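# Structure assessment
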Amino acid sequence: REGRPAPPQAEMEKEGDNEDLDEEQPQRELSRHSTSGKVSGHSRWRRLQFAHSLTGPYAAISAISIGKDLYMLEFGASASVIGSILLVCSFVSPAMDSLVGTLQDKGRCMLRCFPAATWGRRAPWMLTHSIMLGPLMFAFFLPPSYDKDLLHAWFLSIWLAGYWCVAASVNAFEAARVEIYPFKEERVDIEQYCKLTVSFGIFVGSGAGTMCLTFPSKIIFFFASIAGSAAAFSSAAAVPVMREAGSAAPKKTDASAARATVLRNPVVLRMVAIRALSGVYETIFPSLQLYYFTFVFKMDKHERFLWLAVSGAIMAVAELGPTPFWAKLFTKSTTAMLYVPLALRMVDIVAAPLMVLFVKDVSVFMVYLFIWRFCNAAFSYWKVAACAWVCDHDGGDREGMILGVFTMVTNLGRAVTSAALVLGLGWAGLRTTICLEDEGVERDACEADKIHNQPESLTMYLQVMIGVMAPLIELVVCLLTWEFPIRPGSQMLDDICKKQTESYRSRTSPKATCHIVDGHDFGDSDAAGRRPSTTTSTKSPPQHQTLPQTPIGRSAFNFEVPEAGPESPVCSPPALDIGGVSKQRSPPSAPRSPQLTAVCENKAVDLE
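Figured I'd write up the structure that's included with this text. (Residues numbered from 1 in each chain as written. Predicted model: local features only at pLDDT ≥ 70, side-chain atom pairs only at ≥ 80, totals over all residues. Heavy atoms only, no water.)

Let us look at the overall build of the protein chain. In terms of helices and strands, the protein chain carries 23 helices and four strands. Here the protein chain holds 608 residues, and 51% of them are scored as buried. Put simply, of all contacts in the protein chain between residues at least 6 apart along the chain, 82% involve residues at least 24 apart. (Helix = DSSP H or I, 4+ residues; strand = E, 2+ residues; numbered from the N terminus. Buried < 20%, exposed > 50% of the residue type's maximum accessible area, 1.4 Å probe, protein only. Contact = heavy atoms within 4.5 Å.)

Shown next as C-alpha cells:
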C-alpha cells in the first residue's frame with residue numbers, strides 16, 4: 001500500500017458494509033493490510049537495528065549463566081552457596097519483572113529527562129539500562145578477591161543489579177514490538193532478526209565465559225569483561241527505533257487491582273503456564289551442558305572447549321538456517337505457525353531419551369543437539385504471536401504490565417530451575433577444587449583429579465535431567481499449546497483481527513475537517529500528541545499537466561462560501577477546480593463568520 005493514495009471514505013464505508021456479510025473477512029482484511037509489511041514502513045536494516053536491543057541483555061544472561069560455573073570451578077565458590085543464592089534470587093526476580101513493567105506503563109519515572117512526546121515510554125529505559133549494564137558486565141569477571149565470603153557477596157550483588165537491567169531492557173523491547181508492529185505478519189517477520197541478535201548475544205556472553213573456563217588467567221578475564229561491556233552498550237543503538245513506540249500512558253488505576261484483573265483472565269493464565277514451563281525447559285540443557293561434556297564424556301579443558309565450539313556451531317546452523325523459511329511460511333499461514341512447531345517438538349520428545357540415555361558417544365550427542373535446536377526453533381514464532389494476541393485482546397494500554405507478567409514467570413522458571421540444578425549437582429556429589437594457585441604438573445594433576453574423582457551418581461543425574469525430565473516438560477508445553485484458545489479459526493482470533501483492522505483504518509482514513517477557527521487550531525490529536533494528517537495522497541500531478549493561471553500566477557479556485565453566521569465552529573475545505581476536475585468537499589455543518597471565511601480563503605491559496 002506504500003505510495004498509493006488512501007481509499008475514499010465512501011469506498012471504505014462500502015467495504016465495512018460487506019464485512020458484515022462475510023464472517024471470514026477479518027483475517028483476510030488484516031492480511032491485505034499487513035502482508036506486505038509496509039504498515040511500519042521499516043526497512044530490513046531498521047528492523048535489525050530494533051532487534052539489536054536484545055544483544056546486550058542476552059549476552060549478560062549467558063555470561064552470568066556460565067559465569068556461575070566459573071565461580072564454582074575456577075574461583076572456588078561453594079556449589080551449595082551459589083545454588084542457595086540463585087534460589088533466593090529466583091523469588092526476587094518476579095517482583096523485579098512485574099515492577100519494571102508497571103513503571104514503564106506509567107511512564108512517569110523518567111518524564112523529567114525524557115519527555116514522552118518525543119521519547120515514548122520504552123526508549124528511556126532501554127537507553128539508561130544498557131548504559132548501567134555495561135559496568136556490571138565488566139565487574140562480573142573481575143572479582144576483587146577469591147575469598148569465598150566476598151566472592152559469594154560479589155556474585156549476589158551483580159546478579160541482582162544485572163537482572164534488573166536485563167528485565168527493564170527485555171520488557172521495553174517486548175512492549176515496543178507490540179506498539180510499533182500492530183499486525184501478526186510484521187511481528188513474525190521481526191522474530192527472524194531477533195534470532196540473529198539473540199544468537200550473537202549468546203555467542204558473546206557464553207564465549208567470554210567459556211574462554212575464562214578454558215584459559216583461566218587475569219588477561220583473559222579482562223578481555224572477557226571488555227567483550228561483555230561492549231555487547232551491553234551496543235544495545236543502545238536500538239533506541240532511535242524504540243522512540244517510535246509513542247503510545248500514551250494508561251489511565252491512573254490501582255496497579256495491584258489491574259494486575260489481579262489480568263491474572264484472573266483464563267487466556268492470560270494459559271499463557272503464563274506455557275511461558276513458565278518454557279522457561280524451565282529452556283534452562284535445563286544450557287545449565288548442564290558444560291558439566292555433561294566434562295563429567296559424562298570425561299573431557300579436559302581443551303577438548304571440552306573444542307566440542308563446545310563444535311556444538312555451538314551445530315546449534316547455530318539448526319537455529320538460524322531455516323529462519324527465512326519459517327518467517328515466510330508463518331507470515332502466510334497462521335495454521336502452519338501452530339501445527340508445524342508442535343509436530344517438530346514431538347519428534348524431539350521421542351529422540352531425546354533414545355539418544356541421551358542409551359548412547360554415550362559424543363558424535364551421537366552432536367546429532368541430537370542439531371535435532372533439538374531444529375525442532376525447537378520454530379516454536380518461538382508462535383510464542384511471540386500468541387503473546388501479542390493476548391495483549392491485543394486483553395491488554396489495552398497496559399502491554400508492559402502483561403508482558404512483564406509473562407517475562408516474570410519465564411524468568412522465574414529459569415531462575416528456580418537454575419538454582420535447583422545447581423543444588424542437584426551438590427546433592428549428586430559434585431566435588432569442587434581450586435586449581436588456579438597451582439602451576440605446571442601439579443595443576444594438571446589437580447584438573448585431572450577434578451574430572452575423574454567424581455561419583456557415578458553425578459553422571460546418572462546429568463543423563464536423567466537431559467534425557468527424561470526435559471522431554472516430559474516439553475510434552476506438557478505442547479499439550480498446553482494445543483489447547484490454547486486463540487488459535488486459527490477461533491472466534492477470539494477473528495475478534496482480534498477485526499479490532500486491529502479497525503484500528504489500522506482509523507489511522508489511515510482521510511480527514512476532511514478543517515481545524516482552524518478564527519486563527520486557532522482545534523484539531524484532534526492522537527494519544528502521543530501528533531496531529532492527524534489531512535493528506536490522502538503523496539502522488540504529485542504529472543509533469544505535463546498545466547494548471548489554469550490567474551494574472552498573479554496562481555491557480556483558479558472556485559470558492560463556495562455560505563452566508564456568515566453568529567457562530568462558527570469548524571469548516572470543511574472549499575471546492576477546488578484544478579485542471580478542469582472539480583474536487584468537491586462535503587458542505588460545512590454550520591455557517592461561517594466573515595473572519596473564518598477569510599481564514600479559509602487564505603488556506604485555500606496556501607494549499608494551491
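The biggest cluster of nonpolar side chains holds 99 residues, and the ones touching the most others in it are Phe50, Phe365 and Leu462. When residues of this core are assigned to their parent elements, the largest contribution, 14 residues, is made by helix α8 (residues 148-180). Counting residues in hydrophobic clusters, the runner-up holds 44 residues, among them Tyr381, Ala386, Ile486 and Met492. (Core = buried A, V, L, I, M, F, W, Y, C linked by side-chain atoms within 4.5 Å.)

Attention shifts here to the packing of helix α5 (residues 79-106) against α8. Interaxial distance between α5 and α8 falls to 9 Å at its minimum, and their mutual angle equals 30°. On the basis of their axis angle, the class for α5 and α8 is roughly parallel. At the point where α5 passes α8, the crossing takes the right-handed sense. Taken together, the residues that form the contact of α5 with α8 break down as 19 nonpolar, five polar and one charged. (Axes fitted to C-alpha atoms, helices over the stretch in contact; angles between N-to-C directions. Parallel < 35°, antiparallel > 145°, perpendicular 65-115°, else oblique. Left-handed = near helix turned anticlockwise from the far one by under 90°. Nonpolar A, V, L, I, M, F, W, Y, C, P; charged D, E, K, R; others polar.)

Bringing the packing of aromatic side chains into the picture now. Under the criterion given, the structure shown has 31 aromatic pairs. Seen from their ring centres, Phe138 and Phe222 are 6.0 Å apart, and the 85° between their planes marks the pair as edge-to-face. A residue pair is termed long-range when its members are at least 10 positions apart, and Phe138 in helix α7 (residues 123-140) and Phe222 in helix α10 (residues 218-234) qualify at 84 residues. Given a relative accessible area of 30%, Phe138 falls into the partly exposed group. For Phe222, a relative accessible area of 38% translates into the label partly exposed. Measuring from centroid to centroid gives 5.6 Å for Phe379 and Trp382, while their planes differ by 35°, and the two rings are tilted. Of this pair, Phe379 and Trp382 are both found in helix α18 (residues 379-395), three residues apart, which corresponds to roughly one turn of the helix. On the basis of relative accessible area, Phe379 is assigned to the buried category, the value being 5%. (Phe/Tyr/Trp six-rings, centres within 6.5 Å; stacked < 30°, edge-to-face > 60°.)

Within the secondary structure layout, Ser229 lies in helix α10. A polar atom in the side chain of Ser229 sits 2.9 Å from the backbone oxygen of Gly134. (Polar contact = N/O pair within 3.5 Å; in protein donor to acceptor, adjacent residues only side chain to side chain.)

This next bit is on the environment of Leu142. Relative to the helices and strands, Leu142 is located in the loop between α7 and α8. What Leu142 contacts, discounting residues up to four positions off in sequence, is Trp154, Phe221, Phe222 and Ser225.

Right, let's get into helix α4 (residues 55-73). Helical geometry note: an α-helix holds 3.6 residues per turn, so side chains three or four residues apart project in the same direction. Relative to the 27 Å expected for 19 residues at 1.5 Å per residue, α4 spans 27 Å between its end C-alpha atoms, a close match to the ideal helical length. Along α4, the largest kink reaches about 30° and is centred on Ile66. Of all 19 residues that make up α4, 16 are buried, and the element is covered over most of its length. (Expected span 1.5 Å × (residues − 1). Bend = angle between axes of the 7 residues up to and from the residue.)

Opposite charge on two side chains permits them to pair, given that their charged atoms come into close proximity. Across all of its chains, the model carries 17 salt bridges by this definition. Asp69 is paired through a salt bridge with Lys68; the nearest N and O atoms lie 3.7 Å apart. When its relative accessible area of 2% is taken as the criterion, Asp69 is described as buried. A residue is classified by how much of its surface remains accessible, and Lys68, at 2% relative accessible area, is buried. (Salt bridge = Lys/Arg side-chain N within 4 Å of Asp/Glu carboxyl O.)

Taken together, the side chains of Val350, Leu354, Leu357, Phe358, Met460, Val464, Val468, Met469 and Leu472 make up a nonpolar region of the molecular surface, amounting to roughly 800 Å² of accessible area. Contributions of two or more residues to the nonpolar patch are made by α16 (334-356) and α21 (456-482). Following the sequence through the fold, Val468 ends up in helix α21. (Patch = residues over 30% accessible without salt bridge, like charges linked within 9 Å, V, L, I, M, F, W, Y side chains within 5 Å. Areas by Shrake-Rupley, 256 points an atom, 1.4 Å probe, with all protein chains shown as cover.)

In this section: the side chain of Glu179. Tracing the chain through its elements places Glu179 in helix α8. Taking the relative accessible area as the measure of exposure, Glu179 reaches 17% and is therefore buried. Here Arg122 takes part through its side chain, which lies 3.0 Å from a polar atom of the side chain of Glu179.

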